[in-house]
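Structural characterization, general
Residues per chain, in single letters:
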Amino acid sequence: MIRVVVPASLRALARLAGEVELEVEGPITQRSVLDALEARYPVLRGTMRDQTTGQRRAFIRFFACEQDLSHEAPDAPLPEAVAQGVEPYLVIGAIAGG
Amino acid sequence: MSQVRLLVGTRKGAFVLTADGARKNWEVSGPHFAGWEIYHLKGSPADPNRIYVSQTSGWFGQQIQRSSDGGQTWEAVGNKFEYEGVAGSHQWYDGTQHPWEFKRVWHLEPSLSDPDLVYAGAEDASLFRSADGGQTWEELAGLRGHGSGPSWQPGAGGMCLHTILQDPANAQRLFVAISAAGAFRTDDGGQTWKPINRGLKSQYIPDPNAEVGHCVHRIALHPSRPGVLFMQKHWDVMRSDDGGDSWREISGNLPSDFGFPVAVHAHEPDTAYVLPLKSDAERYPCDGKLRVYRSRAGGEEWEGLTQGLPQRDCYVNVLRGAMSIDTLDECGVYFGTTGGQVYGSADGGDTWAPIVRDLPAVLSVEAQTLP
């Protein structure tokens with residue numbers, strides 16, 4: 001079970017109450033987790049990654065286990081604690097502006 | 001008794017304001033989509049309870065929402081806006097070429113006859129069309145592809161296609177306006193386009209009479225006379241009597257010919273409204289007095305409408321999409337400000353009153369007249 005936390009604006013958009021729990025097939029990577037999240041909540045398509053290129057949107061960051069994974073390769077394995085459901089995978093709206 | 005519904009887009013959500021035909025007591029619903037920028041909402045003329053919304057965010061991108069019950073409930077529909085083919089490039093602020101990049105939808109224009117057909121005007125300037133109620137979008141690429149696209153450049157607010165008008169007498173004819181490229185017209189349902197900027201003069205471009213490059217802020221028409229267009233340009237208020245083929249200035253006695261919105265009275269095709277601002281640098285009402293100007297002569301002669309509007313210390317802006325009219329017998333006129341006020345007049349502009357005072361900055365106002 002993978003735990004995912006998304007920003008409040010996206011929770012409202014997808015009508016989520018809180019943390020999302022996902023079953024993810026195969027390797028646990030940023031791509032596979034976000035693919036599973038978007039498959040469950042199609043309204044989130046395009047909100048975190050470009051729908052065509054898959055690139056992270058400029059003001060979105062991905063954190064887990066006190067690490068910023070935003071610049072990691074999308075197919076790199078996520079930390080074991082995320083794969084085991086001990087720690088959540090965090091989608092963050094970056095601080096932008098004053 | 002008839003009702004009026006105002007669809008108000010703001011920097012931090014959408015609001016729906018409703019009143020009976022007297023238009024004195026208003027109910028306020030919202031914020032819908034709290035925290036998101038709502039560039040525009042518009043109802044279908046064929047089914048007024050079908051409302052489309054452009055919901056956007058610098059963080060989270062573009063969403064399109066749709067209501068089938070007059071704004072009581074909403075559903076997200078398609079948000080995939082892809083340029084057709086190779087996107088190409090346009091002129092950037094420094095004169096270099098810059099790739100076309102989709103940023104947001106500024107304007108949604110539902111078809112006059114089909115609630116599932118809707119057009120979307122986007123930044124970077126482009127026109128999209130959905131024939132399935134907003135689920136899927138296709139670009140009408142002939143607009144960007146007619147040849148002058150690489151020379152278009154953004155205005156200060158971005159390179160946006162912000163105005164879409166349909167000709168009620170000719171379903172194949174659409175008008176659009178782009179900052180800062182100009183106005184364009186199609187006569188074949190959007191396949192091919194031509195610039196319609198002859199007569200516009202813009203001192204901020206090297207060739208003031210250029211075919212494109214003009215910062216058109218808004219165009220408007222009266223449905224009974226769609227060949228007559230009114231335009232508020234970056235500077236100058238203009239009029240065309242031949243569907244945009246040529247334009248002449250009608251600024252006349254306005255205190256300033258800079259502004260954003262222009263609207264036409266519901267029953268008097270020669271009555272137009274503008275809201276002059278002091279300058280393009282200052283973008284607030286002249287002398288701190290909020291005044292709508294009305295011409296009943298189709299331009300040139302304008303009267304300031306002040307009753308009920310603040311006549312001192314007022315320094316708000318009124319953006320291009322933030323003025324609208326209803327179609328009741330006594331035409332209602334409405335506008336929203338960047339200070340969060342929405343003002344309404346139930347007598348064609350003679351007297352005004354605030355409907356709400358403290359919304360987030362208003363980006364757009366659309367009036368619907370309901371049975």
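Since the structure is predicted, the reported quantities are computational estimates derived from the model, not experimental observations. (Residues numbered from 1 in each chain as written. Chains lettered and ligands numbered in written order. Predicted model: local features only at pLDDT ≥ 70, side-chain atom pairs only at ≥ 80, totals over all residues.)

So, the overall build of chain A
Tallying secondary structure elements over chain A gives three helices and five strands in all. Along the chain direction, N to C, the helices and strands of chain A fall in the order β-α-β-α-β-β-α-β. Computed over the C-alpha atoms, the radius of gyration of chain A is 12 Å, within 12% of the 13 Å expected from 2.2 N^0.38 for a compact globule of 98 residues. Overall, the C-alpha framework of chain A stretches about 35 × 25 × 25 Å when taken along its three principal axes. Across the 98 residues that make up chain A, the buried fraction comes to 24%. Relative to all contacts within chain A whose residues are 6 or more apart in sequence, the contacts with residues 24 or more apart total 54%. (Helix = DSSP H or I, 4+ residues; strand = E, 2+ residues; numbered from the N terminus. Rg over C-alpha atoms; globule rule 2.2 N^0.38 Å. Buried ≥ 20, exposed ≤ 12 C-beta atoms within 10 Å, placed from the backbone. Contact = placed C-beta atoms within 7 Å.)

Description of unusual backbone geometry
Geometrically, the link from Gly30 of chain B to Pro31 of chain B is a cis peptide bond, its omega value of 0° lying close to zero. Relative to the elements of secondary structure, Pro31 of chain B occurs in strand β3 (residues 27-32). With an omega dihedral of -5°, the bond running from Glu123 of chain B to Asp124 of chain B counts as a cis peptide bond. Tracing the chain through its elements places Asp124 of chain B in the loop between β11 (118-123) and β12 (126-130). Phi is positive for Glu66 of chain A, which is not a glycine, with a value near 60°. Assignment of secondary structure puts Glu66 of chain A in the loop between β3 (60-64) and β4 (67-68). Taking the C-beta count within 10 Å as the criterion, Glu66 of chain A has 8 such neighbours and is therefore assigned exposed. For Asp313 of chain B, which is not glycine, the phi torsion reads 55° and is therefore positive. Residue class for Asp313 of chain B comes out exposed when judged on the 8 C-beta atoms lying within 10 Å of it.

Notes on the nonpolar core
What tends to happen in soluble globular proteins is that the nonpolar side chains get buried as a cluster. Of all hydrophobic cores here, the largest spans 101 residues; its most connected members are Val8, Val176, Ile219, Val342 and Val365 of chain B. Setting aside chain neighbours within four positions, we find Ile219 of chain B in contact with Thr163, Leu165, Phe175, Ala177, Ala183, Leu229, Phe230 and Met231 of chain B. (Core = buried A, V, L, I, M, F, W, Y, C linked by C-beta atoms within 7 Å.)

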